[in-house]
Amino acid sequence: MANETVLKHLNTALQMELTAAHQYQLHAHVLDDWGIDRLAAKMREEFAEETVHSNRFLERIFDLGGEPEMAFANTPKIAKSLTGMFQSDLDDEKEAVAFYTKASKDAYEANDLASRALFEEIAIDEVGHANWLDQQLGLIDRLGEERYASKYMSAGEDDEG
């Protein structure tokens, strides 16, 4: 019998990853609309990675005989600026790392080493995302948003460039 706390954490994690995936999907479309196509491509990569994370949580829930709760933890929101986009995502990543750290501890205490390892692996991925987002915010601070965005736009470039 699976530990109910661990199953609850797995479902929360599933919902967090579904939200993150679709937030990145929305970001990609917003960035395309703004003409920042190269950054949109990066967001599509993040969408794919978050989808992999949600699939891993789904698999673990089924492995434990649980029922997945397919829902968003939060509603994805349209960003008004790159700074707002990155700051919101950074806040979400920090929240995810804190949650996965606690969930890992609870899984360990429940003698569920597979769930513990999963929470830790995903937390490490999220730390990487948070570091990248923090770096982008630093670049925007130094360069300004317009100059930063210009390096992620291919409009006006020839195909050879």
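Under an unreviewed UniProt entry, the name given to the protein is Bacterioferritin, and the organism recorded is Lutimaribacter pacificus. Here is the UniProt Cofactor (unreviewed entry) comment for the protein, exactly as written: "heme b". According to the UniProt record, the Catalytic activity (unreviewed entry) comment for the protein is "4 Fe(2+) + O2 + 4 H(+) = 4 Fe(3+) + 2 H2O".

Peer 1: Would you mind showing me how to read the UniProt feature "binding site: Fe cation 3" (unreviewed entry) in the protein here?
Peer 2: UniProt's feature table lists "binding site: Fe cation 3" (unreviewed entry) at Glu 49, given in the numbering used throughout. When you line up the elements, Glu 49 lands in helix α2 (residues 37-63). Under the relative-accessibility criterion, Glu 49 is labelled partly exposed at 27%. Excluding its chain neighbours within four sequence positions, the residues that come into contact with Glu 49 are Asp 125 and His 129.

Peer 1: Explain unusual backbone geometry here, please?
Peer 2: Most peptide bonds take the trans form, and the phi angle of most residues other than glycine is negative. The residue Asn 111 is not glycine, and still its phi comes out positive at about 60°. Here Asn 111 shows up in the loop between α3 (82-109) and α4 (113-143). Accessibility expressed as a relative area gives 68% for Asn 111, which makes it exposed.

Peer 1: Quick question: what am I supposed to make of the UniProt feature "binding site: Fe cation 1" (unreviewed entry) in the protein here?
Peer 2: This chain's UniProt record puts "binding site: Fe cation 1" (unreviewed entry) on Glu 17, Glu 50, His 53 and Glu 126. Maximum C-alpha separation among the annotated residues is 10.5 Å over a sequence range of 110 residues, consistent with a single clustered spot. Along the chain, Glu 17 turns up in helix α1 (residues 4-34). Among the residues examined, Glu 17 registers a relative accessible area of 2% and is labelled buried. When near neighbours in sequence (up to four residues on either side) are disregarded, Glu 17 contacts Glu 50, His 53, Ser 54, Phe 57, Tyr 100, Ile 122 and Glu 126. Topologically, His 53 is positioned in helix α2.

Peer 1: I would appreciate a short explanation of the packing of α1 against α4 in the present structure.
Peer 2: Each pair of packed helices gets described by two things: the angle between the helix axes and the distance between those axes. Where α1 meets α4, the axes come as close as 12 Å, and the angle between the chain directions of the two elements is 30°. Between α1 and α4, the angle falls in the class roughly parallel. Considering only the axes of α1 and α4, their crossing is left-handed. For the pair α1 and α4, contact is made by Val 6, His 9, Leu 10, Ala 13, Glu 17 and Tyr 24 and by Ser 115, Leu 118, Phe 119, Ile 122, Glu 126 and Leu 133, respectively. Here the residues of the contact of α1 with α4 sort into eight nonpolar, two polar and two charged.

Peer 1: Help me understand the pattern of salt bridges, please; the structure alone is not making it clear to me.
Peer 2: When charged atoms on two side chains of opposite charge get close, those side chains can pair. Per the counting criterion, the structure on display carries eight salt bridges. Of the charged contacts in the structure, one is a salt bridge between Glu 121 and Arg 56, with a shortest N-O distance of 2.6 Å. Taken together, the residues Glu 121 in helix α4 and Arg 56 in helix α2 connect sequence positions 65 residues apart. On the basis of relative accessibility, which here comes to 38%, the residue Glu 121 falls in the partly exposed class. Overall, Arg 56 belongs to the partly exposed group, its relative accessible area being 29%. A salt bridge links Asp 106 to Lys 102, with the shortest nitrogen-to-oxygen separation between them at 2.7 Å. Pair noted here: Asp 106 and Lys 102 are both in helix α3, with a separation of four residues, about one helical turn. The buried category is assigned to Asp 106, whose relative accessible area is 14%. Note on Lys 102: relative accessible area 47%, which makes it partly exposed. Here the residues in one salt-bridge network are Arg 60, Asp 63 and Asp 112, joined through shared partners.

Criteria and cut-off values
- Residues numbered from 1 in each chain as written.
- Predicted model: local features only at pLDDT ≥ 70, side-chain atom pairs only at ≥ 80, totals over all residues.
- Heavy atoms only, no water.
- UniProt positions renumbered as here; feature names shortened; annotations may be inferred.
- Helix = DSSP H or I, 4+ residues; strand = E, 2+ residues; numbered from the N terminus.
- Buried < 20%, exposed > 50% of the residue type's maximum accessible area, 1.4 Å probe, protein only.
- Contact = heavy atoms within 4.5 Å.
- Axes fitted to C-alpha atoms, helices over the stretch in contact; angles between N-to-C directions.
- Parallel < 35°, antiparallel > 145°, perpendicular 65-115°, else oblique.
- Left-handed = near helix turned anticlockwise from the far one by under 90°.
- Nonpolar A, V, L, I, M, F, W, Y, C, P; charged D, E, K, R; others polar.
- Salt bridge = Lys/Arg side-chain N within 4 Å of Asp/Glu carboxyl O.

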